[in-house]
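Chain residues, written in single-letter form:
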Amino acid sequence: DKKAATDVRKKERSDYEATHQDYANTVDAVDRAIARLKQMPQNIAQNSFIQTDLAKVANAPVMPVKARHALVALLATVSNPLDVQAPEANAYESQSDGVIKMLEDLTSKVQAEGEEEAAAYNKFSCFCKDNQRDRTKSIKENKDAKAEMTAAITKLSTGRKDDDKTIEGLEK
């Protein structure tokens, strides 16, 4: 039981660690992208934003396909600011709000997976503690039973010796 649980837990942990670094990098890029999106359009030049943080987020290996497509579509609409007219403030904010929500959802997903990993570790830890406690209890009970059996065998052996002496005395 414990070996199988340990093997499963090691695989789960290995899988989590394999994606954890990507998640950490993605969350950092998402946080920067959200902050810049909330400041746009007047405070940040679109080219610097588009080519740095948002592009990093769009290319992250853990980015869901739907989210990647939405970011690529956003990038396509503002790839050359000289070719397009400035959108009305509300229309642009509406697009940003959708992207911000998507990025915040991605951040929530990453955090939820981290919490799931912590819960899986706690469950495994409790299993190990329970298993150890049960084994310790079983060992103690078996040692006690062995001591009782040894005492009973000794008593019976002593009783038999006494009976053998009695029989020997009667045979004479």
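Here is what the cut-offs are and how they apply
Within each chain, residue numbers correspond to sequence positions counted from 1 in written order. A pLDDT threshold of at least 70 governs which residues receive local features in this predicted model, and a stricter bar of 80 or more applies before side-chain atom pairs are shown or counted, although totals over entire chains, interfaces and linings include all residues. Each side-chain value is derived from all of the structure's non-hydrogen atoms; neither hydrogens nor water enter the calculation. The helix and strand labels rest on DSSP assignments: H or I over at least four residues marks a helix, E over at least two residues marks a strand, and numbering proceeds from the N terminus. Buried means the residue's accessible area, taken with a 1.4 Å probe over protein chains only, is under 20% of the maximum for its type, while exposed means over 50%, and partly exposed covers the values in between. Any pair of residues with heavy atoms lying within 4.5 Å of one another is described as a contacting pair. Here the open area of atoms and residues is found with the Shrake-Rupley method and a 1.4 Å probe, where only the protein chains shown may cover a residue. We call a set of buried residues a nonpolar core when its members are Ala, Val, Leu, Ile, Met, Phe, Trp, Tyr or Cys and they connect through side-chain atoms within 4.5 Å of each other. Salt bridge, as used here, is a side-chain nitrogen of Lys or Arg placed within 4 Å of a carboxyl oxygen of Asp or Glu. Between the first and last residue of a helix there are one fewer steps than residues, each counted as 1.5 Å, and that sum is the expected span. Note on bend: at a given residue it equals the angle between the axes fitted to the 7 residues ending there and to the 7 starting there. Like charges within 9 Å and nonpolar side chains (Val, Leu, Ile, Met, Phe, Trp, Tyr) within 5 Å are joined into patches, using only residues over 30% in relative accessible area that form no salt bridge. Within this scheme the basic residues Lys and Arg register as positive and the acidic residues Asp and Glu register as negative, but His and the chain ends are omitted. Note on charges: their place is set at NZ of Lys, CZ of Arg, CG of Asp or CD of Glu. A pair of sulfur atoms, both from cysteines and within 2.5 Å, is called a disulfide here. The pLDDT score gives, residue by residue, the confidence of the prediction method on a 0 to 100 scale.

A. Summary view of the overall build of the protein. Assigned secondary structure in the protein consists of four helices and zero strands. Sequence-ordered secondary structure for the protein, helices as α and strands as β, is α-α-α-α. A burial count over the protein gives 24% of its 172 residues as buried. Contacts in the protein between residues far apart in sequence, at least 24 positions, make up 73% of those at least 6 positions apart. As presented, the protein carries roughly 12,400 Å² of accessible surface, and 54% of it is formed by carbon and sulfur atoms.

B. Region of the structure containing the nonpolar core. Among the nonpolar cores identified, the biggest contains 16 residues, and Val30, Val57, Met63, Leu71, Val99, Met102 and Leu103 are the most heavily contacted of them. Elements that contribute at least two residues to this core include exactly helix H1 (2-39), helix H3 (65-77) and helix H4 (89-171). Every residue in contact with leucine 103, bar those within four places of it in the chain, is listed here: Val30, Ala33, Ile34, Leu37, Val57 and Leu71.

C. Highlighting the pattern of salt bridges. In total, this model carries 11 salt bridges according to the counting rule given. A salt bridge links lysine 11 to aspartate 15; the nearest nitrogen and oxygen atoms lie 3.1 Å apart. In this pair, lysine 11 and aspartate 15 are both assigned in helix H1, four residues apart and thus about one turn of the helix distant. Assessed through its relative accessible area of 52%, lysine 11 is described here as exposed. The residue aspartate 134 makes a salt bridge to arginine 133 at a minimum N-O spacing of 3.9 Å. A cluster of three or more residues bridged by salt bridges with shared partners is formed by Arg9, Glu12, Arg13, Glu17 and Glu117.

D. Local environment of H1. With 38 residues, H1 ought to run about 56 Å at 1.5 Å a step, and its terminal C-alpha atoms sit 53 Å apart, in line with that. Maximum bend of H1: about 35°, positioned at histidine 20. Looking only at H1, the buried set comprises Arg9, Tyr16, Tyr23, Thr26, Val27, Ala29, Val30, Ala33, Ile34 and Leu37.

E. Geometry of a negative patch on the surface. Residues Asp162, Asp163, Asp164, Glu168 and Glu171 make up a contiguous surface patch of negative charge. Looking at the secondary structure, you find aspartate 164 in helix H4. For aspartate 164, a relative accessible area of 37% corresponds to the partly exposed category.

F. Fine view of the state of the cysteines. Tallied over the entire structure, the rule returns zero disulfides. Unpaired in this structure, cysteine 126 has its nearest cysteine sulfur neighbour in cysteine 128, at a distance of 9.4 Å.

G. Layout of the confidence of the model for the protein. Residues with a pLDDT of 70 or more make up 77% of the protein, whose mean pLDDT is 76. By mean pLDDT, the top-scoring element of the protein is H4 (83), and the lowest-scoring one is helix H2 (residues 46-58) (58). Predicted confidence is poor over residues 42-47, with pLDDT under 50, and the contacts of this stretch with residues over four places away or in other chains come to 10 contacts. Every residue in residues 87-94 scores below 50 in pLDDT, and together they form four contacts with partners more than four places removed in sequence or on other chains.

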